[in-house]
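Survey of secondary and tertiary structure
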2 protein chains.
Amino acid sequence: MPNGFSFKLLKECRQTGARLGVLTTPHGIIKTPCFMPVGTQATVKAVMPKDLADIGAEIILSNTYHLYLRPGDALVRSAGGLHSFMSWDRPILTDSGGFQVFSLGDTNRITDDGVEFRSHLDGSKHYFTPEKAIEIQENLGADIIMAFDECAPYPASREYTEQAMKRTHEWAKRCKTAHKRDDQALFGIIQGGMYKDLRLESTKAITDMDFFGVAVGGLSVGEPKELMYEMLEAIRDELPKEKPHYLMGVGSPDCLVNGVMRGIDMFDCVLPTRAARNGLALTSTGRKMLRNAEYKNDFSPIDESCDCYACRNFTAAYIRHLIKAEEILAAQLITLHNLKFTLNLMERIREAILSDSLADFALSVTY
Amino acid sequence: MPNGFSFKLLKECRQTGARLGVLTTPHGIIKTPCFMPVGTQATVKAVMPKDLADIGAEIILSNTYHLYLRPGDALVRSAGGLHSFMSWDRPILTDSGGFQVFSLGDTNRITDDGVEFRSHLDGSKHYFTPEKAIEIQENLGADIIMAFDECAPYPASREYTEQAMKRTHEWAKRCKTAHKRDDQALFGIIQGGMYKDLRLESTKAITDMDFFGVAVGGLSVGEPKELMYEMLEAIRDELPKEKPHYLMGVGSPDCLVNGVMRGIDMFDCVLPTRAARNGLALTSTGRKMLRNAEYKNDFSPIDESCDCYACRNFTAAYIRHLIKAEEILAAQLITLHNLKFTLNLMERIREAILSDSLADFALSVTY
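A quick note: this is a predicted structure, and the numbers were derived from the prediction, not measured.

What counts as what
Residues numbered from 1 in each chain as written. Chains lettered and ligands numbered in written order. Predicted model: local features only at pLDDT ≥ 70, side-chain atom pairs only at ≥ 80, totals over all residues. Helix = DSSP H or I, 4+ residues; strand = E, 2+ residues; numbered from the N terminus. Rg over C-alpha atoms; globule rule 2.2 N^0.38 Å. Buried ≥ 20, exposed ≤ 12 C-beta atoms within 10 Å, placed from the backbone. Pairing = 2+ DSSP bridges. Right-handed = clockwise from strand over helix to strand, strands pointing away. Contact = placed C-beta atoms within 7 Å. Core = buried A, V, L, I, M, F, W, Y, C linked by C-beta atoms within 7 Å. Axes fitted to C-alpha atoms, helices over the stretch in contact; angles between N-to-C directions. Domains from an automatic or database assignment. Nonpolar A, V, L, I, M, F, W, Y, C, P; charged D, E, K, R; others polar. Expected span 1.5 Å × (residues − 1). Least-squares fit on C-alpha atoms with pLDDT ≥ 70 in both. Parallel < 35°, antiparallel > 145°, perpendicular 65-115°, else oblique. Left-handed = near helix turned anticlockwise from the far one by under 90°.

Description of the overall build of chain A
When you go through chain A residue by residue, the secondary structure sums to 15 helices and 16 strands. In terms of overall size, chain A behaves like a compact globule, its C-alpha atoms giving a radius of gyration of 20 Å where 367 residues would be expected to give roughly 21 Å. Referenced to the eigenvectors of the C-alpha coordinate spread, the extents of chain A come out at roughly 60 × 50 × 40 Å.

Structural notes on the pairing of strand β12 (residues 213–216) of chain A
For a regular strand, side-chain orientation follows a simple rule: the groups alternate between the two sheet faces. All names here are of chain A. Every second residue of β12 is oriented toward a common face, with Gly213 and Ala215 on one face and Val214 and Val216 on the other, all of them buried. Bridging between strand β11 (residues 185–190) and β12 involves four bridges; their strand directions are parallel. Paired with Gly188 across the bridge in β12 is Val214. Since β11 and β12 lie parallel, the crossover through helix α8 (residues 196–208) that links them has a hand, and here it is right-handed. Relative to strand β13 (residues 245–247), β12 runs parallel, the two being bridged by three bridges. Counterpart to Ala215 in the pairing with β13 is Tyr246.

Here we look at the interface of chain B and chain A
Contact with chain B, which involves 32 residues of that partner, is made by 32 residues of chain A. Elements with a contribution of two residues or more to the side of chain B that touches chain A: α3 (73–78), α4 (82–86), α12 (309–313), α13 (316–324) and α14 (328–354) of chain B. Residue contributions to the side of chain B that touches chain A peak at five residues, all from α13(B).

Regarding the nonpolar core
Counting 249 residues, the largest nonpolar core has Phe187(A), Ile319(A), Leu358(A), Phe187(B), Ile319(B) and Leu358(B) as its most contacted members. By residue number, the principal contributor to this core is helix α14 (residues 328–354) of chain A, which donates 14 residues.

Here we look at the sheet that holds strand β5 (residues 60–62) of chain B
All names here are of chain B. In spatial order, the strands read β4-β14-β13-β12-β11-β10-β6-β5; together these eight strands make up an open sheet with parallel pairing. Every interior strand has two partners, whereas the edge strands, β4 (34–37) and β5, have only one. Between one strand and the next, the sheet's axes are offset by a mean angle of 25°, whatever the strand orientation. When β4 meets strand β14 (residues 266–269), the two strands line up parallel, connected through four bridges. Paired with Met36 across the two strands is Asp268, which belongs to β14. The strands that helix α8 (residues 196–208) touches are β11 (185–190) and β12 (213–216); relative to β11, the one it contacts most, it runs at about 160°.

Let's talk about the sheet that holds strand β8 (residues 115–118) of chain A
Residue and element names in this part refer to chain A. Taken together, three strands build an open sheet; the order of strands is β7-β8-β9 and the sheet is antiparallel. Each edge of the open sheet is held by one strand with a lone partner, namely β7 (106–110) and β9 (125–128). Averaged over neighbouring strand pairs, the angle between their axes works out to 25° when direction is ignored. With four bridges joining them, β7 and β8 adopt antiparallel strand pairing.

Remarks on the domain arrangement of chain A
How large an interface is tends to be reported as the accessible area lost when its parts come together. Residues and elements named next belong to chain A. The domains assigned to chain A are domain 1 (6–269) and domain 2 (271–367). In this structure, domain 1 and domain 2 have C-alpha centres spaced 26 Å apart. Opposite the 30 residues of domain 1 that make contact, domain 2 presents 27 residues. Listing elements by their share of the side of domain 1 that touches domain 2, those giving two or more residues are β4 (34–37) and α10 (253–261). It is α10 that contributes the most residues to the side of domain 1 that touches domain 2, six residues altogether. Along the lines of polarity and charge, the residues of the side of domain 1 that touches domain 2 split into 19 nonpolar, five polar and six charged.

Thoughts on unusual backbone geometry
The linkage connecting Thr32(A) with the following residue, Pro33(A), adopts the cis geometry, with an omega of 0°. With respect to the element layout, Pro33(A) can be found in the loop between β3 (28–32) and β4. Between Tyr154(B) and Pro155(B) the backbone carries a cis peptide bond, its omega angle lying at -5°. Here Pro155(B) is to be found in the loop between β10 (144–146) and α7 (158–178). Its identity as a non-glycine residue notwithstanding, Glu326(A) has a phi of 55°, on the positive side.

Regarding α8(B)
One turn of an α-helix holds 3.6 residues; hence residues three or four places apart share an orientation. Residue and element names in this part refer to chain B. Compared with the 18 Å implied by 1.5 Å per residue over 13 residues, the 18 Å span of α8 between its first and last C-alpha is a close match. Inspection of α8 places Leu198, Arg199, Glu201, Ser202, Thr203, Ala205 and Ile206 among the buried residues, and these make up the whole buried set. Where the residues of α8 are buried, they touch α7, β11, β12 and α9 (225–236).

Focus: the relation of the copies chain B and chain A
Its rotation angle being 180°, the transformation that places chain B on chain A also includes 0.0 Å of axial translation and leaves an RMSD of 0.0 Å. Viewed as a symmetry operation, the transformation between the two copies matches a two-fold axis. Judged by C-alpha distance, Ile328(B) is the residue of chain B that lies nearest the rotation axis, at 3.8 Å.

Quick word on the environment of Ala164(B)
Residues and elements named next belong to chain B. Tracing the sequence through the fold places Ala164 in helix α7. Given 22 C-beta atoms within 10 Å, Ala164 falls into the buried group. Contacts of Ala164, omitting those with residues within four sequence positions, involve Glu150, Ala152 and Gln191.

With respect to the packing of α8(B) against α9(B)
Residues and elements named next belong to chain B. In the contact formed by α8 and α9, the axes pass within 9 Å of each other and the chain directions differ by 45°. Compared by their axis directions, α8 and α9 come out oblique. For the crossing formed where α8 meets α9, the hand is right-handed. Along the contact surface, α8 presents Lys196, Arg199, Leu200 and Thr203, while α9 presents Met231, Ala234 and Ile235.

Describing the pairing of β14(B)
Residue and element names in this part refer to chain B. Of the two faces of β14, the one lined by Met266 and Asp268 and the one lined by Phe267 and Cys269 are each fully buried. Here strand β13 (residues 245–247) runs beside β14; their pairing, made up of two bridges, is parallel. Bridge assignment links Tyr246 to a residue of β14, and that residue is Met266.

Focus: the packing of helix α13 (residues 316–324) of chain A against α14(A)
Residues and elements named next belong to chain A. Two elements in contact, α13 and α14, have axes whose closest approach is 7 Å; the angle formed by their N-to-C orientations is 135°. Relative to α14, α13 is oriented oblique. Like other packed secondary-structure pairs, α13 and α14 cross with a definite hand, here left-handed. Residues Ile319, Leu322 and Ile323 of α13 touch α14, and the partners they reach there are Leu329, Ala330, Leu333 and Ile334. In terms of residue class, the contact of α13 with α14 is built from seven nonpolar, no polar and no charged.

Right under this line is the structure:
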């Protein structure tokens, strides 16, 4: 067990079996189920850390692949690590770079040893191994770090998916051996694509390695939501109960609720922040494309039931004006709102678990 | 005298004759000499109003030409006026649109009656008269509004400059007649290009019309700084002592100090905000182009002597990373710093006036 870490399960919802917990890290505690805003390049886009703390974000995610390429993990280490570099003193999780190497980098060659790829920034050649991914993450210094995995695309043949899964297991072992910092917790990643038996096999393999936490990777990669839910249901009873369960890359309101009902404790997703920069607001009455003419004279807040700075002080008409005028403040305000909306949703989910009413609550989350 | 307005001169600096004052408006008081951050499109670019208030901005400027075109002054009026629309409850000044019509709009025809121009946004045809400029500004509802003027370019012939000045005087009269709202203060604008005798003639004409305040327009339009200072010196003793003096469009640190020493009480400029979006920081040790490689490993703040949020929490190396990674947070942080730096400078100027040491202080402002 790494120093300063623990995961306590406080309650399981009687309606759904969703879990309420507390994850403790050296930089603070996280109430679970939790949503982690994404700060890919050591910044949650368009949000100052002080505002991120104000809206109640307890942990954020940053991307190893991006930070390795720019500004470089050595520089972040010189700055005193990611917390100090980006002035965020609460917990941080870094992914392993695996997903990005395969989705963003121009992958040249994958072997059992590692992956050669070209940078999406300048085409330069790089080589990641499980050991390298751990070294970078030790330099970045997040609280929670991830094992290097191979994420099969969707759709993928059973043969390819199985090969990628087995490689992921081998790499997970090597990551565990390579990891030395005792102030970081390492999570293993379950793969297996859309094949239930592979998912079960992977769950067993990763669970047996006894990581601090287990993540479910390779979902939300383009498959229908129902298929994702099926995969989660297939492995749900096999996930180690006493450890945190993290579903990677998931974050629309309906998927969050449905993930929680299938035993997930942690989520991350660019949806709230990326949608904001496209002028899309998540609200209690559904999604609003604020650029649309219908908001031209709408002098009500984006979301009447939201208590964020944007909703307490500005109207949809004003924010629409900012979008049309290409003002940065549009991204700032909608991002703040979308994150607060998502964090509020997690808060309501936690309350519903506490009162054994999550299944009922889930019916009100309709998008 | 409009309701709720006053201007009190508290002191004149014995070294320079610079003035310390307090300008009272219905939305609050402004310590002068003051700098007004520019919020062209009803937002000071990349800054939330709460942060703008936090750094001590007491008044901001917004642009009539831009707001008339988008979202339209009728919409702003429906929103309850500019303060309510943009959620800024402190004083606002709107310019008259004169400068922008000539510099941004595609001017078709200027007559003594008004100006026909095409929008820089969509090429649509519009017509501004002094009465129209006042009507728009009454709809926008700023505390301080400006008379419609014709700003001669630099360089301009004496003949053209004189004609534009005389038209400005006629338009100033018509603005005074047209203006009805008694919760707004109207300023007249002195023109006269780079001709001292015209500047003196214009100062007398505008002063005689007894506006609440007088502005100096048509400077900082491309002429050498020394020439601007000469023009200010030419009219300085003729400016009405009991009224606020506003030098339009000026805002580099040296020009602010030099303007104050020549009797100016109010300034506005896009420099701190625009420079920020280009990665340029104003600091106590000079300008810093933060994109440059020299800041790559600079783990000190942008400005050691600054107490803004950006300087208290982030390093030059981090902000350089944000710039290179094209992150919005770069603009947010540098803008906040540059504005705080400029507002701090005004504070130090006011303290120097109080202690009769402005000429000495001015020597320390070297850029």
